[in-house]
2 protein chains.
Amino acid sequence: MQRVEKRVVIVGASAAGLRCAARLARLEPTWEITVIEARSVFSVAACGLPYALSGDVPDPEALRQTADGTLRDVDYFAAVKGVTVRAGTPAARIEADHRRLRLGRGETLEYDELVLATGARPKPAPRQPEHPRVHTFHTFADLEPLVAGLKGRRIGSVVVVGAGLCGCELAEAFAVTWGAEVTLLEAAAHPLPMLLDAEVGALAAHALKENDVELRTGARVDRIEATEGGVTVHANAAEGPTEVAADAVVVALGVAPAVELAQSAGVELGVTGGIAVDERLHTSVPHIWACGDCIELVHAVSGCRCQLPLGSLANRHGRLLADILAGGSERLTPVAGAAGLKIFDTNVAAVGLTRAQAVAQGLPARSAWLCGHDRAHYYPEAQEIALQLVYEPGSERILGVQAAGPGEVHKRIDTATQLLLRGARLADLAAIEHAYAPPYAPAIEPLATLAMVAQNQERGLDAVSPLSPLSNARLLDVRHPHESQARPVPANNVVLLPQAHLRERARDLDPGEWLVVCERGTRAAEVARWLSTRSLTARYLGGGLRWRGLAGDPAFVGDER
Amino acid sequence: MQRVEKRVVIVGASAAGLRCAARLARLEPTWEITVIEARSVFSVAACGLPYALSGDVPDPEALRQTADGTLRDVDYFAAVKGVTVRAGTPAARIEADHRRLRLGRGETLEYDELVLATGARPKPAPRQPEHPRVHTFHTFADLEPLVAGLKGRRIGSVVVVGAGLCGCELAEAFAVTWGAEVTLLEAAAHPLPMLLDAEVGALAAHALKENDVELRTGARVDRIEATEGGVTVHANAAEGPTEVAADAVVVALGVAPAVELAQSAGVELGVTGGIAVDERLHTSVPHIWACGDCIELVHAVSGCRCQLPLGSLANRHGRLLADILAGGSERLTPVAGAAGLKIFDTNVAAVGLTRAQAVAQGLPARSAWLCGHDRAHYYPEAQEIALQLVYEPGSERILGVQAAGPGEVHKRIDTATQLLLRGARLADLAAIEHAYAPPYAPAIEPLATLAMVAQNQERGLDAVSPLSPLSNARLLDVRHPHESQARPVPANNVVLLPQAHLRERARDLDPGEWLVVCERGTRAAEVARWLSTRSLTARYLGGGLRWRGLAGDPAFVGDER
């Protein structure tokens, strides 16, 4: 036997802790690595749980298996990874002075280095009772009672509290697979407020509603009542108190870092309540390190501390910590907060700050919008995507990008993420290079076009939000006559002037302010720019009327691709 | 009427020239902008031509239309863009001293600024005759005779010369839509040698072959004979001269910049034969500018001059030149050469240098391979992708990324492109952030995993090429028994030792050198690393046996996702 050089104890056998453990065992095969985990079932791909609920992943055990079908249990970690996992073993407290972790039944574990990968826990709703009809959805154990209730027809209606990533995914699973009546309550004015501004949020809202999810925004839950017969969720909405009755409720208000164990050692927390770490993932207490959902990160755009409990980051930071513990010079870098999800057939993704978040942090912020195609527009499988750019006027620094639609949006967000992490400006995004071929992208990547829209705006060509009211502006509809006829703007104040006739008929236009509209914003922008050289005041509807169609405005829902 | 402040003449009405013209007319509405074009049909989305041939785009006229269905003809450019296009008007020569462009019939056109957007022309094959059965595929006019021949059953067999982007797309169109017998001749050892090394090229080759394209690599065309009855293509191959008879031949050997007009003005050419421009897209002659396929670019990775006749770059640089002519401070920046295509159901994309190109340019280069999934492996729609990274040992600078497979690869290449343009190292790629959700990506983005494979290699964990011969190594197969049974390695020198039994049975292994194999390379890498800590010499098969399966090796083609 080789001599054990170091004893590393890791608390938490989810993505961050296990990734750290396995990597460290590879880098330092002579170290003794022990992972302590309160739950008996561990190493679950938690982001896959909604797809196990929906049945897209038919066997939930797949979430506990490697790509080659091996179950990631205690034996696997011992035999394959060289890591001891002690499942079903809660950690009680840390005795940092003695470098000891005290376990449940009086047992202690000595360490040279201690890693806190304690993760996060669901945030409760106000006055949320403990009751079999009141669920959270965070662990493998949360799956079974819901599936059993749905299968046994004891759950035919559900209230989901919170339209965040998890809430939206749950709403889809309940509605599509189980045909349940779903009410989705969200305190903000639109779904996914952490990711999306109102304009793109409207597309997410429409995706939910057109699939029979009863979405109630602006509804802040006040209390939950549960009886043997069902649940009643009480909420405060703009129009006054409201209540929803159902067979079950799932609270999906996000998570809060699990920091009690850290606090038992006097580990400092940061401003957001997560464990504060330095760029080596070291805490304020010697020999105690932390990674995963329990820590605070630095946001690349705002420079502020933030919490981003995302599986992608937990995996990455677990591995990073192993490299650091093994003596590597790698460092924790700021994150841009890229995230995404599928809501029925609508793809949604975003990175960076929303305009609302930027403004709340005191950053000046403007938006630009684009409704384009994900592939060459003539390619038969081309689909529409709606993109919103948030940027800082003046510096033209990009603050965030949001995207939604039936088309491919995750590629755009992954690409934009690399630029946001590097402090890119509009000019960088406008000059973006991409692997162009008609089945995959237009010749000018929509991200680049989006940046050009913003650049034009900074040079005086102003767009108004795609969701702006159309009734109190003088509208100039520059679409083809057949388009204006198929989907007329339902307002009295519309002048029809197809773009092809602009130059000959512009002199007939009254002076004063015009709002130019077309299908996707492109033609309207061209016309608005030209009018402004003719001493007319003109702005245009960003993203065009198609954006409103994608957001469910009945006047503009159409058969366009 | 407003006074004309400047007369700009642009030669060439394809992507670069027209994008420049339209943008300039918006920025400088009082300038007089004239585009001269030899052809009568212009503003064609040329990259869409293969899809018009295949019928994926049912009406070829769609390639001449905007997203809102407007035909981009002379009237459109006049009325909507404020640009005069003179189609069917060849430019004869430039009289730079007088700032005059001489047209065909003695007419001249005076300019203040002249833009050369003369594009490129198909490179001919050696001894390529002019004959109705001998085709190129570059313009709208090239489409009709092929479609007519195929429809009229006069073309039932085709030789395509050159397995580049266009050649591969053509082969698919001929085979799938028209059921033609297709022979694809390529001088290099694998298809797409400008984009791919042998390992990823093998996937492209398999995609062609399994769809009944007769691919002959290492076959350099020597001459083409055409008669009324058919064509015969003579080529030199490793095994000696060969000839292929067919009803028609399409020469798709790439394009060469069209520079005759530039030379008539004494405009300097660069080392590659394209028009030399500075970072303002200005040529060596005052008041003459150039953009599009006719110019030379600087490669971001090699720093060398190069030609990259890609529609995405032509569009971008046309717009850039308009900004510059209007007084903007934008500058031409190096390009990474991102490109992609679809070959039947295989997605292919790449950026940067291949290992072969890097070596040819004197750069030290190593490869790393990964066979992974495009989504969470448990997600039902997950598909396999094969990734190859080319990097510089020591500096760990990334030189190129190649990808192919049934899964999503273009997202990876677009993302990697942003890093290559910024001189990224392995550590940057390993720390990549992405919008993770199981329907779109694994928790650790395959690009990051690929970089980690390379990092491990740089720290001593060596992979061998996925296509290495397996017969002259001592193989250690660490797969599950059911995997080894389903797809055994067809060699005599194989020891089976499932990874789960490694630690207990490793002492039975003979000392000496082992080549460890598994399905995707991951387990083999772990085992090889562990063995090396036990004083055994071990390398592993990069990308695993699945890579060979994706490349068509009959021993490993299987039903794995």
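Everything discussed here concerns the structure shown above.
Just so we're clear, the structure is a prediction, and the values are computed from it rather than from any experiment. (Residues numbered from 1 in each chain as written. Chains lettered and ligands numbered in written order. Predicted model: local features only at pLDDT ≥ 70, side-chain atom pairs only at ≥ 80, totals over all residues. Heavy atoms only, no water.)

A. Representation of the packing of helix α1 (residues 15–27) of chain A against helix α8 (residues 311–325) of chain A within the structure. All names here are of chain A. At their nearest, the axes of α1 and α8 sit 7 Å apart, and the two run at 35 degrees to each other. As for how α1 packs across α8, the hand of that crossing is right-handed. For the pair formed by α1 and α8, the contact residues are Ala15, Ala16, Arg19, Cys20, Arg23, Leu24 and Leu27 on the first element and Ala314, Asn315, Gly318, Arg319, Leu321, Ala322, Asp323 and Leu325 on the second. By residue class, the composition of the contact of α1 with α8 is nine nonpolar, two polar and four charged. (Axes fitted to C-alpha atoms, helices over the stretch in contact; angles between N-to-C directions. Helix = DSSP H or I, 4+ residues; strand = E, 2+ residues; numbered from the N terminus. Left-handed = near helix turned anticlockwise from the far one by under 90°. Contact = heavy atoms within 4.5 Å. Nonpolar A, V, L, I, M, F, W, Y, C, P; charged D, E, K, R; others polar.)

B. How the structure looks around the sheet that holds strand β6 (residues 108–110) of chain A. Residues and elements named next belong to chain A. If you trace the three strands from one edge of the open sheet to the other, you get β4-β5-β6, paired in antiparallel fashion. Two strands lie at the open edges of the sheet, namely β4 (91–95) and β6, each paired on one side alone. If you compare each strand with its neighbour and ignore which way they point, the axes differ by 25 degrees on average. In this structure, β4 lies alongside strand β5 (residues 100–103), joined through four bridges in antiparallel fashion. Bridging from a neighbouring strand, Arg93 pairs with Arg102 of β5. (Pairing = 2+ DSSP bridges.)

C. Up close: the nonpolar core. Counting residues in hydrophobic clusters, the biggest one holds 177 residues, and the most contacted among them are Phe174 and Leu531 of chain A. In contact with Phe174 of chain A, other than residues within four places in its own chain, are Leu53, Leu146, Leu150, Val158, Val160, Gly179, Ala180, Val182 and Val250 of chain A. Ranked by size, the runner-up nonpolar core spans 176 residues in total, among them Val35, Phe42, Tyr51 and Val200 of chain B. (Core = buried A, V, L, I, M, F, W, Y, C linked by side-chain atoms within 4.5 Å. Buried < 20%, exposed > 50% of the residue type's maximum accessible area, 1.4 Å probe, protein only.)

D. A look at the interface of chain B and chain A. The interface of chain B with chain A comprises 85 residues on the first partner and 85 residues on the second. For the pairing of chain B and chain A, the buried interface totals around 7,100 Å² over both sides, and the portion due to carbon and sulfur atoms is 55%. Of all residues in chain B, Tyr378, Glu433 and Tyr440 of chain B bury the most surface against chain A, accounting for 11% of the area lost on that side. At the junction of chain B and chain A, the tally comes to eight salt bridges. The closest approach of N and O atoms between Arg26 of chain B and Glu526 of chain A, which form a salt bridge, is 3.4 Å. (Buried area = accessible area lost by both parts, 1.4 Å probe. Salt bridge = Lys/Arg side-chain N within 4 Å of Asp/Glu carboxyl O.)

E. Spotlight on the relation of the copies chain B and chain A. Turning chain B through 180 degrees and shifting it by 0.0 Å along the axis lays it on chain A, with an RMSD of 0.0 Å. With respect to symmetry, the two chain copies, as superposed, fit the operation of a two-fold axis. Residue by residue, 100% of the interface of chain B is reproduced at the interface of chain A, so both copies engage with the same surface. (Least-squares fit on C-alpha atoms with pLDDT ≥ 70 in both.)

F. View of helix α8 (residues 311–325) of chain B. All names here are of chain B. The first and last C-alpha atoms of α8 sit 21 Å apart over 15 residues, in line with the 21 Å expected at 1.5 Å per residue. Burial analysis of α8 places 15 of its 15 residues in the buried class, which makes it a mostly covered element. Downstream of α8 by a residue or two, Gly327 has a phi angle that is positive, lying close to 95 degrees. (Expected span 1.5 Å × (residues − 1).)

G. The pairing of strand β22 (residues 346–352) of chain B, seen in detail. All names here are of chain B. Burial runs high along β22: seven of the seven residues are buried. With five bridges joining them, strand β21 (residues 339–343) and β22 adopt antiparallel strand pairing. The residue of β22 that forms the bridge with Ala339 is Ala350. The pairing of β22 with strand β25 (residues 398–405) spans six bridges and is classified as antiparallel. Residue Gly352 lies in a different strand from β25, and its bridge partner there is Gly400.

H. Fine view of the sheet that holds strand β13 (residues 220–226) of chain A. All names here are of chain A. Taken in spatial order, the three strands line up as β13-β14-β15 in an open sheet, and their pairing is antiparallel. The open sheet terminates on both sides in strands that have one partner only, identified here as β13 and β15 (240–246). The average angle at which neighbouring strand axes cross in this sheet is 20 degrees, direction not considered.

I. Region of the structure containing the packing of aromatic side chains. For the structure on display, the rule yields six aromatic pairs over all chains. Ring geometry for Phe42 of chain A against Phe77 of chain A: centres 6.0 Å apart, planes inclined by 40 degrees, an arrangement best described as tilted. With a gap of 35 residues between them, Phe42 of chain A in the loop between β2 (32–36) and α2 (49–54) and Phe77 of chain A in helix α3 (residues 74–81) connect regions that are remote in the sequence. Take Phe42 of chain A: its relative accessible area is 4%, and that puts it in the buried class. Between the aromatic rings of Tyr379 of chain A and Tyr51 of chain B, the centroid separation amounts to 5.3 Å while the plane-to-plane angle is 85 degrees, which identifies the pairing as edge-to-face. With one member in each of two chains, Tyr379 of chain A in the loop between β23 (366–373) and β24 (384–391) and Tyr51 of chain B in helix α2 (residues 49–54) form a pair that bridges those chains. Residue classification places Tyr379 of chain A among the buried positions, given a relative accessible area of 3%. (Phe/Tyr/Trp six-rings, centres within 6.5 Å; stacked < 30°, edge-to-face > 60°.)

J. The arrangement of the environment of Tyr540 of chain A in detail. Residue and element names in this part refer to chain A. Checked against the element boundaries, Tyr540 lands in strand β30 (residues 537–541). According to the relative accessible area criterion, Tyr540 is buried, its value standing at 4%. When the C-alpha positions of Tyr540 and Leu476 are compared, they lie 9.0 Å apart, and in sequence the two are 64 residues distant. Tyr540 has contacts with Val453, Leu461, Asp462, Ala463, Val464, Leu515, Val516, Gly521, Ala524, Ala525 and Ala528, leaving out every residue within four places of it along the chain.

Fair warning: the whole summary comes from geometry, so function is off the table for now.
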